[in-house]
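Chain by chain, the residues run as shown.
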Amino acid sequence: RLQWENIKSRRDMKYRIFGKLDWKPSALGFGCMRLPVTDNQPSGANIDEVLSIEMIRHAIDKGVNYIDTAYPYHQGKSEIVTGKALRDGYRERIKIATKLPVWLVNEPADFDRLLGEQLDRLSTDHIDFYLLHALTRKRWEDNVLKHDLLNKAQAAIKDGRIHYLGFSFHDSYEVFEEIIKAYDWTFCQIQYNYMDINNQAGTRGLKLAAGRGIGVVVMEPLMGGNLANPPEAVRIAMGEAADNYTPADLALKWIWNQPEVSLVLSGMSTMEQVVENLLSADESAANSFDVAEQNAIDALRNSFSSRIAVPCTNCKYCLPCPHGVEIPVNFEFFNHAFLYDDLAGAKFRYSVYLTQSQRSDKCIACGECEEKC
């Protein structure tokens, strides 16, 4: 750790552009979804408060100025611990982002109730960047539009409880485009990494948002750690780049290389991860990738892709399934387990992002999709 600190002391945090906003975010943002815990339950409620506060404050001392949390993180405890970390003058040095759990909004009044609870948890009188959390088409239509949440947010902006409105996203590009064009957003948050260029919002979504002057915050840059610790066969594909970068360094640098990216969020669980990610951020720059580095990324992507179990292209010709199965998404999560040796992550996605009626166990093997595929 001291060796990393000595290296870091000779560098400065890099700052980027946040859409049309006259404010420059640090290249690295601190995500408070994976804070250290005192038991063996990652993202559980038993946060190690002392270490978490030390990590968050260390990042701020080194130039991080964007702290991200959300209502459900760590079973509701993340906002509380984040608020404690921002005492003693740290709140004034950063912008804080948190998220409205739109799935808990059953009537318009829930917006004000939940926002009020979050302000109390964070011990602040305003949220700098407020997001509608994890939007999908269903949540956009059934919660945001149905309960007039955009106007509720506008009222909160007017009275100062929040300063800027954005959203985080988990659905197809088509849904992303629809939401982007529906409101004058300040920023958005998308899942993006070198394996997700065509998934969810993807590269098209990144460029669409940036082209409209919307700040783009990137989450899951290492895909929950899968890109930081690839299988050995994949790691070999890094070639000569392996001599200069760790897999995590290379993956992060690939994102920062893109000028459309405003900042990269990292959910850090150890002080070592904080120090290493700060070092990576300090060395980041847009349009800095050379041919060898891009070749290494291409080789890594191809090596991961070769592990796919079901070569589904997500063309959706198989849909609609007469029994309601969301076929391409089931294949996506099935493939995830093979690509990254991550069965637990695949099960998590399967349980969270598919309703019971959309899951593969509802298939009766009628064969209709096989003829279309």
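In this text, all values refer to a predicted model and were calculated from it rather than measured experimentally.

J.: What's the story with the overall build of the protein in this structure? I'm lost.
T.: Scanning the protein from terminus to terminus reveals 15 helices and eight strands. Counting only C-alpha atoms and orienting by the principal axes, one finds that the protein spans roughly 65 × 55 × 45 Å. Looking at the 373 residues of the protein, the share that counts as buried comes to 51%. Contacts spanning at least 24 positions in sequence make up 75% of the contacts within the protein whose residues lie at least 6 apart. As presented, the protein carries roughly 17,300 Å² of accessible surface, and 50% of it is formed by carbon and sulfur atoms.

J.: Would you take a moment to explain the side chain of Lys99 for this structure?
T.: Tracing the chain through its elements places Lys99 in strand S3 (residues 95–100). In this structure the side chain of Lys99 is engaged in a polar contact, spanning 2.8 Å, whose partner is the backbone oxygen of Thr69. Side chain to side chain, Lys99 and Tyr73 meet in a polar contact 3.3 Å long. The contact partners of Lys99, leaving out residues within four places of it in the chain, are Asp68, Thr69, Ala70, Tyr71, Tyr73, Gln118, Tyr130, Leu131, His133, Ser168 and Gln189.

J.: Help me understand a nonpolar patch on the surface, please; the structure alone is not making it clear to me.
T.: Residues Phe348, Val352 and Tyr353 make up a contiguous nonpolar surface patch of about 290 Å² in total accessible area. Checked against the element boundaries, Tyr353 lands in helix H14 (residues 343–353). By relative accessible area, which is 38% here, Tyr353 ends up partly exposed.

J.: How do you make sense of the nonpolar core when you look at a structure like this?
T.: For soluble globular proteins, the rule of thumb is that nonpolar side chains tend to be buried together. With 91 residues, the main nonpolar core has Phe30, Leu132, Phe167, Phe176 and Trp185 as its most contacted residues. Here this core takes seven residues from helix H10 (residues 247–256), the largest share from any one element. With near-sequence residues (within four places) excluded, Phe30 lies in contact with Leu35, Met55, Ile56, Ala59, Val64, Tyr66, Ile67, Asp68, Leu265, Ser266, Met268 and Val274.

J.: Is there a simple way to think about the sheet that holds strand S8 (residues 263–267) in this case?
T.: Read around the barrel, eight strands follow the order S1-S2-S3-S4-S5-S6-S7-S8 and close on themselves; strand pairing throughout is parallel. Across the sheet, the axes of successive neighbouring strands diverge by a mean angle of 30 degrees, strand direction being ignored. Pairing of strand S1 (residues 28–31) with strand S2 (residues 66–68) involves two bridges; the strand directions are parallel. Within S2, the residue paired with Gly31 across the bridge is Asp68. This element, helix H6 (residues 149–158), spans S3, strand S4 (127–135) and strand S5 (162–169) of the sheet and lies at about 150 degrees to S5.

J.: In this structure, what is going on with the packing of H10 against helix H12 (residues 291–305)? I would like to understand it.
T.: The axes of two packed helices give the description: the angle between them and the distance between them. At their nearest, the axes of H10 and H12 sit 11 Å apart, and the two run at 110 degrees to each other. The angle between H10 and H12 falls in the class roughly perpendicular. In this structure, H10 meets H12 at a crossing whose hand is left-handed. Taken together, the residues of H12 that come into contact with H10 (itself represented by Leu250, Lys253 and Trp254) are Glu293, Gln294, Ala296, Ile297, Leu300 and Arg301. For the contact of H10 with H12, the class distribution of residues is five nonpolar, one polar and three charged.

About the criteria used
Residues numbered from 1 in each chain as written. Predicted model: local features only at pLDDT ≥ 70, side-chain atom pairs only at ≥ 80, totals over all residues. Heavy atoms only, no water. Helix = DSSP H or I, 4+ residues; strand = E, 2+ residues; numbered from the N terminus. Buried < 20%, exposed > 50% of the residue type's maximum accessible area, 1.4 Å probe, protein only. Contact = heavy atoms within 4.5 Å. Areas by Shrake-Rupley, 256 points an atom, 1.4 Å probe, with all protein chains shown as cover. Polar contact = N/O pair within 3.5 Å; in protein donor to acceptor, adjacent residues only side chain to side chain. Patch = residues over 30% accessible without salt bridge, like charges linked within 9 Å, V, L, I, M, F, W, Y side chains within 5 Å. Salt bridge = Lys/Arg side-chain N within 4 Å of Asp/Glu carboxyl O. Core = buried A, V, L, I, M, F, W, Y, C linked by side-chain atoms within 4.5 Å. Pairing = 2+ DSSP bridges. Axes fitted to C-alpha atoms, helices over the stretch in contact; angles between N-to-C directions. Parallel < 35°, antiparallel > 145°, perpendicular 65-115°, else oblique. Left-handed = near helix turned anticlockwise from the far one by under 90°. Nonpolar A, V, L, I, M, F, W, Y, C, P; charged D, E, K, R; others polar.

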